[in-house]
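Chain residues, written in single-letter form:
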Amino acid sequence: MSPGGPERRARELRRALRHHSYLYYVRNQPEISDERFDELFRELKALEASHPKLVTPDSPTQRVGAEPLDAFETIEHTAPMLSLDSSADVEPLERFDERMRKALGDDIGYVVEPKLDGASIELVYESGRLSRAVTRGDGIRGEGVTENIRTIHSVPLRLRAADRDAPPLLALRAEVIMRVGDFEALNARLLESDRPPFANPRNAAAGSLRQLDPRITAARPLDIYVYDILAIDGRPPPTQQATLEALREWGLPVNDRCRPAADVGAILAFQAEIEECRDDLEYEIDGIVIKLDDIAARDEVGETSHHPRWAFAFKFPPRKEVTRLLHIFPSVGRTGVVTPIAFMRPVELGGVTVSRANLHNREEVARKDIREGDRVRVQRAGDVIPQVLERIEEPGRERAEPWVMPAECPSCGTALEPRGPYTFCPNLFACPAQLAGRIQHLGSRHALDIEGLGEETANLLVREGVIGRVPELFDLDAATLMELEGFAEKSATNLVGAIHAARTTELARFIYGLGIPEVGVTVARELASHFLSFEAFREAAAAAAAAAAAEASEASEASEAAEAAEGKALQEVDGIGPRMAEEIIAFLARPEVSKVVDELRARVEPVPPPRAGDTLAGLRIVLTGGLESMSRSEAGKKLEALGAKVTSSVSKQTSYVVAGENPGRKLERAQTLGVEILDEAGLLALLSGGPGALSAPDEPASDPTASDQTAP
Ligand code: IVH
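The rules behind the values
- Residues numbered from 1 in each chain as written.
- Predicted model: local features only at pLDDT ≥ 70, side-chain atom pairs only at ≥ 80, totals over all residues.
- Heavy atoms only, no water.
- Helix = DSSP H or I, 4+ residues; strand = E, 2+ residues; numbered from the N terminus.
- Rg over C-alpha atoms; globule rule 2.2 N^0.38 Å.
- Buried < 20%, exposed > 50% of the residue type's maximum accessible area, 1.4 Å probe, protein only.
- Contact = heavy atoms within 4.5 Å.
- Lys, Arg positive; Asp, Glu negative; His and termini not counted.
- Charge placed at Lys NZ, Arg CZ, Asp CG, Glu CD.
- Axes fitted to C-alpha atoms, helices over the stretch in contact; angles between N-to-C directions.
- Left-handed = near helix turned anticlockwise from the far one by under 90°.
- Nonpolar A, V, L, I, M, F, W, Y, C, P; charged D, E, K, R; others polar.
- Pairing = 2+ DSSP bridges.
- Core = buried A, V, L, I, M, F, W, Y, C linked by side-chain atoms within 4.5 Å.
- Expected span 1.5 Å × (residues − 1).
- Arc of directions from axis to C-beta.
- Phe/Tyr/Trp six-rings, centres within 6.5 Å; stacked < 30°, edge-to-face > 60°.
- Lys NZ or Arg CZ within 6 Å of the ring centre and 35° of its normal.
- Near = heavy atom within 4 Å.
- Polar contact = N/O pair within 3.5 Å; in protein donor to acceptor, adjacent residues only side chain to side chain.
- Areas by Shrake-Rupley, 256 points an atom, 1.4 Å probe, with all protein chains shown as cover.
- Salt bridge = Lys/Arg side-chain N within 4 Å of Asp/Glu carboxyl O.
- pLDDT = per-residue confidence, 0-100.

**Here we look at the overall build of the protein chain**
Helix and strand counts for the protein chain come out as 26 helices and 24 strands. Here the C-alpha atoms of the protein chain give a radius of gyration of 30 Å, agreeing with the 27 Å that 2.2 N^0.38 yields for 712 residues. In terms of overall dimensions, the protein chain has C-alpha extents of about 85 × 80 × 60 Å along its principal axes. Burial status across the protein chain gives 47% buried among its 712 residues. Contacts in the protein chain between residues far apart in sequence, at least 24 positions, make up 68% of those at least 6 positions apart. Considering the protein chain, the positive charge centre built from 84 side chains and the negative charge centre built from 115 side chains are found 2 Å apart.

**Here we look at the environment of G674**
Relative to the elements of secondary structure, G674 occurs in the loop between α25 (665-673) and β24 (676-678). G674 sits 204 residues away from V470 along the chain, and the two C-alpha atoms are 57 Å apart.

**Describing the packing of helix α1 (residues 5-26) against helix α2 (residues 34-50)**
Across the interface, α1 lies against α2 with an axial gap of 10 Å and an inter-helix angle of 145°. Between α1 and α2 the crossing geometry is left-handed. For the pair α1 and α2, the contacting residues are P6, R9, A10, L13, R14, L17, H20, S21 and Y24 in the first and D34, F37, L40, F41, E43, L44, L47 and E48 in the second. Residue composition of the contact of α1 with α2, by class: ten nonpolar, two polar and five charged.

**Some thoughts on the pairing of strand β13 (residues 338-349)**
Side-chain direction in a regular strand flips from residue to residue, so the side chains alternate between the two faces of the sheet. Relative to β13, strand β12 (residues 319-332) runs antiparallel, the two sharing seven bridges. Bridge pairing links P330 to P340 in β13. The hairpin formed by β12 and β13 contains five residues between the paired strands, and G336 there has a positive phi angle of roughly 95°.

**Here's the deal with the nonpolar core**
A general feature of soluble globular proteins is that nonpolar side chains tend to end up buried together. In terms of nonpolar packing, the biggest core is built from 61 residues, with L473, I511, L527, F537 and I584 touching the most fellow members. Filtering out sequence-adjacent residues up to four positions away, L527 remains in contact with I511, V519, L532, F537, L570, V573, I576 and I584.

**Some remarks on helix α22 (residues 578-589)**
The end-to-end C-alpha distance of α22, which contains twelve residues, comes to 16 Å, matching closely the 16 Å that a straight helix rising 1.5 Å per residue would cover. Buried within α22 we find M580, A581, I584, I585, F587 and L588. Considered in projection along α22, the buried side chains sweep an arc of 165° and stay on one side of the axis.

**Description of unusual backbone geometry**
With a phi close to 55°, D449 is a non-glycine residue in the positive phi region. Positionally, D449 belongs in the loop between α13 (432-443) and α14 (455-463). Its relative accessible area of 45% is what places D449 among the partly exposed residues. With a phi angle near 80°, E518 is a residue other than glycine that sits in the positive phi range. For E518, the position within the fold is in the loop between α17 (507-513) and α18 (521-531). A residue is classified by how much of its surface remains accessible, and E518, at 37% relative accessible area, is partly exposed.

**So, the packing of helix α24 (residues 632-641) against helix α26 (residues 680-687)**
Between α24 and α26, the least distance of the axes is 10 Å, while the angle of their chain directions is 35°. Relative to α26, α24 is oriented so that their crossing is left-handed. Residues A635, K638 and L639 of α24 touch α26, and the partners they reach there are L683, L686 and L687. The class makeup of the residues in the contact of α24 with α26 is five nonpolar, no polar and one charged.

**Observations regarding the packing of aromatic side chains**
By convention here, two paired aromatic rings are described through the distance between centres and the angle between planes. Considering all chains together, one arrives at seven aromatic pairs under this definition. Measuring from ring centre to ring centre gives 5.9 Å for F96 and Y110, while their planes differ by 35°; the resulting arrangement is tilted. Separated by 14 residues along the polypeptide, F96 in helix α3 (residues 90-104) and Y110 in strand β3 (residues 110-116) bring together distant segments of the chain. Like F96, the residue Y110 is buried in the burial classification. With a centroid separation of 5.9 Å and an interplanar angle of 75°, the aromatic rings of F534 and F537 are classed as edge-to-face. A residue pair is termed a helical-turn pair when its members lie 3 or 4 positions apart in one helix, as F534 and F537 do in helix α19 (residues 534-554) at three residues. F537 carries the same exposure label as F534, and that label is buried. Chaining the aromatic ring pairs together yields one cluster made of F510, F531, F534 and F537. Seen from the ring of F424, R419 lies directly overhead, with NZ or CZ sitting 3.9 Å from the centre. Lying over the aromatic face of F429, R438 brings its terminal NZ or CZ to 4.9 Å of the ring centre.

**Some remarks on the site of the ligand**
Near the ligand lie 13 residues; those nearest to it are E113, S120, R173, E175 and K291. A distance of 3.1 Å is found between an oxygen atom of the ligand and a side-chain nitrogen or oxygen belonging to K115. K291 has a polar side-chain atom sitting 3.0 Å from a nitrogen atom of the ligand. Burial of the ligand by the surrounding chains reaches 90%, relative to a free accessible area of 530 Å². Elements with a minimum of two residues in the shell around the ligand: β3, β7 (169-177) and β10 (285-292). Here the element with the most residues in the shell around the ligand is β3; it accounts for four residues. Here the shell around the ligand is built from residues that sort into seven nonpolar, one polar and five charged.

**A closer look at the pattern of salt bridges**
Summed over the entire model, instances satisfying the criterion amount to 45 salt bridges. Through salt bridges with shared partners, a single ionic network connects D369, R371, D374, R391, E393 and R399.

**Some thoughts on the sheet that holds strand β15 (residues 375-380)**
Sheet architecture is open: five strands sit in the order β14-β13-β12-β15-β16, paired in antiparallel fashion. Both edges of this open sheet fall to β14 (352-358) and β16 (387-392), since each of them pairs with a single strand only. In this sheet, neighbouring strand axes are inclined to one another by 40° on average, regardless of whether the strands run parallel or antiparallel. Sheet topology note: the β12/β15 ladder contains six bridges and is antiparallel. Along β15, the bridge assignment pairs R319 with R380.

**Quick look at the confidence of the model for the protein chain**
A residue-level look at the protein chain finds 92% of positions with pLDDT of 70 or above and a mean pLDDT of 88. Note on residues 560-565: pLDDT is under 50 here. Beyond four places in sequence and across chains, it has 15 contacts. Here residues 691-712 scores under 50 on pLDDT; set against residues more than four positions off or in separate chains, the count is 45 contacts.

**Considerations on the sheet that holds strand β8 (residues 223-232)**
An order of β5-β4-β7-β8 is seen for the four strands of this open sheet, with the pairing classed as antiparallel. Sheet topology places β5 (129-135) and β8 at the edges, where each strand pairs with a single neighbour. Adjacent strand axes in the sheet meet at a mean angle of 30° when their direction is disregarded. Its contacts with the sheet place helix α9 (residues 240-249) against β7 and β8, and it is angled at close to 120° to β8.

Here it is as structure tokens:
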């Protein structure tokens with residue numbers, strides 16, 4: 001320990017970590033290695049763990065750890081967050097400049113900035129400490145997302161030189177963004193676990209900010225740029241240039257492309273330059289913002305009720321191109337949805353060559369009157385999948401007939417069924433397209449994880465007629481595989497071996513692998529730990545289906561039947577609501593599903609999560625605060641698996657309160673009631689089976705949403 005004891009050392013460590021985070025996340029100029037940073041971080045964590053009094057709210061260890069919220073608080077902004085007057089045409093920009101000159105004379109200057117396409121946010125620093133962060137909302141009030149903003153590493157929890165320079169109150173306006181590469185990686189992760197991807201980085205940023213559980217936000221790669229002072233207690237910097245400089249000095253991330261511009265000529269030059277490099281930028285922008293540089297002059301021109309008169313957004317035209325639509329093809333997905341896909345003559349759109357677009361559903365095709373052979377305008381407005389915006393009139397050119405969704409499935413010939421604007425192939429298991437999709441899904445990473453069974457192989461097995469039903473996957477032998485193109489002895493035996501190994505699998509993987517509508521990885525895990533056997537899960541669904549059928553035959557009211565079908569037993573499972581329960585029940589009740597499930601169960605043995613042993617039976621445990629070695633929900637599951645009852649509120653009946661980092665009120669209540677309090681080591685001891693087993697911590701959290709604060 002250094003001289004001065006733990007308190008002094010903690011202060012030193014906090015200062016060092018804050019400084020190196022700033023160099024890493026804000027300046028992009030780290031001066032120490034990631035390993036060294038980790039070391040310092042771990043030292044501070046250990047110090048704080050052994051001296052909990054040393055934890056300060058703005059300690060670098062305190063970015064994650066708050067309890068999930070039930071709802072966001074509505075908070076009024078320090079000053080209204082107005083929007084911007086905008087246009088994609090030069091004329092309104094020129095008129096803006098004329099108005100400024102008329103009001104202020106010719107001696108004016110502007111600052112031009114990239115217009116970041118993210119989520120607008122207010123950050124409030126009180127005496128240099130981040131005290132709250134509020135989404136824009138309606139401009140007057142927004143939602144308090146402070147805990148989520150704290151997880152963004154480039155947001156200083158306290159301003160640099162805080163003791164000397166920071167005003168008592170500083171309200172800032174900033175944009176939360178997600179870099180394009182991070183956005184794509186996030187979407188890949190979401191898709192892999194069967195969750196819907198975000199349409200564009202802006203939605204991803206806004207959606208990530210609106211998570212009630214800060215640990216989810218912490219696992220999302222968000223970043224931020226600060227660009228305006230909304231309110232300040234004290235003298236504001238005299239110009240926008242000085243403002244940006246002050247923000248930088250406070251350690252806040254400021255976009256480095258902002259610069260002064262004297263007149264419309266300079267503004268247009270900036271716009272051209274930015275548009276030129278738009279596709280190479282790491283983040284999405286949708287234009288440039290022009291602001292009067294002189295802050296006093298801003299007050300002179302004032303504002304309307306919804307935008308300031310001193311600023312103007314010059315927007316980029318969206319990235320659009322015209323090309324020819326060659327062919328519309330109905331594509332059958334794993335769940336049977338038939339989606340019309342447009343195949344187009346390849347065209348460059350914002351740096352990517354595009355040749356396919358999603359036409360969504362038959363009503364959309366009809367509404368836009370898009371036919372094969374038409375000239376169409378396609379757009380990529382930050383969206384991953386390009387859209388066909390409209391067709392372009394070609395007078396005198398003869399057009400093809402209107403496109404119609406085929407009456408039969410292009411893959412299996414079964415009559416298709418319309419559901420709202422969508423179309424489904426009801427032949428769930430025998431339709432080759434769905435069969436191949438289902439086989440691929442069953443073998444995917446979060447399901448049975450069968451190496452070598454990707455999209456291509458699944459398609460091949462179905463196309464060659466080797467597999468006609470999903471369970472037949474488990475009857476494959478190497479000799480059959482070796483007859484197929486692309487298979488040699490080694491690859492064939494490997495695949496057969498991998499399939500064989502998958503005959504014993506975790507219950508959650510089995511449930512997920514069935515491809516039940518709405519059941520992704522997380523829900524499957526919940527179902528597994530709730531029901532503990534596949535049969536118990538299936539029976540609960542069957543009972544609900546039977547209840548629904550009985551209700552339907554007694555009462556003619558269809559709505560009552562629907563209510564019964566909601567499946568109360570299923571709804572006791574975390575994360576399952578009435579609609580999801582209904583989908584699960586209906587799916588499992590189908591005779592063809594039931595048959596396939598029987599056949600699969602005859603071949604695959606799902607292993608339940610560790611059965612409730614007796615070691616912790618009868619104990620009532622409350623968890624509070626963040627844990628280091630696992631997420632709270634994981635800890636809860638482990639405790640439950642050993643027979644403990646995990647509850648959310650502390651009472652006299654509570655056996656233990658496990659207090660992690662930032663424990664909150666439950667800890668106070670435990671102290672008041674005299675309930676025994678355990679730290680994380682105590683929890684681990686409890687889990688490993690008794691007081692004698694204090695060592696051997698469990699595996700670290702594997703849930704990406706449970707990510708703790710990590711070093712760079
Ligand atoms: S200044 C009162 N500067 O654009 C005007 N806004 O369409 C304050 N935006 O809601 C805004 N980059 O979220 C300003 N460099 C920038 C910006 C920017 C993006 C957003 C902002 C605003 C929206 C208006």
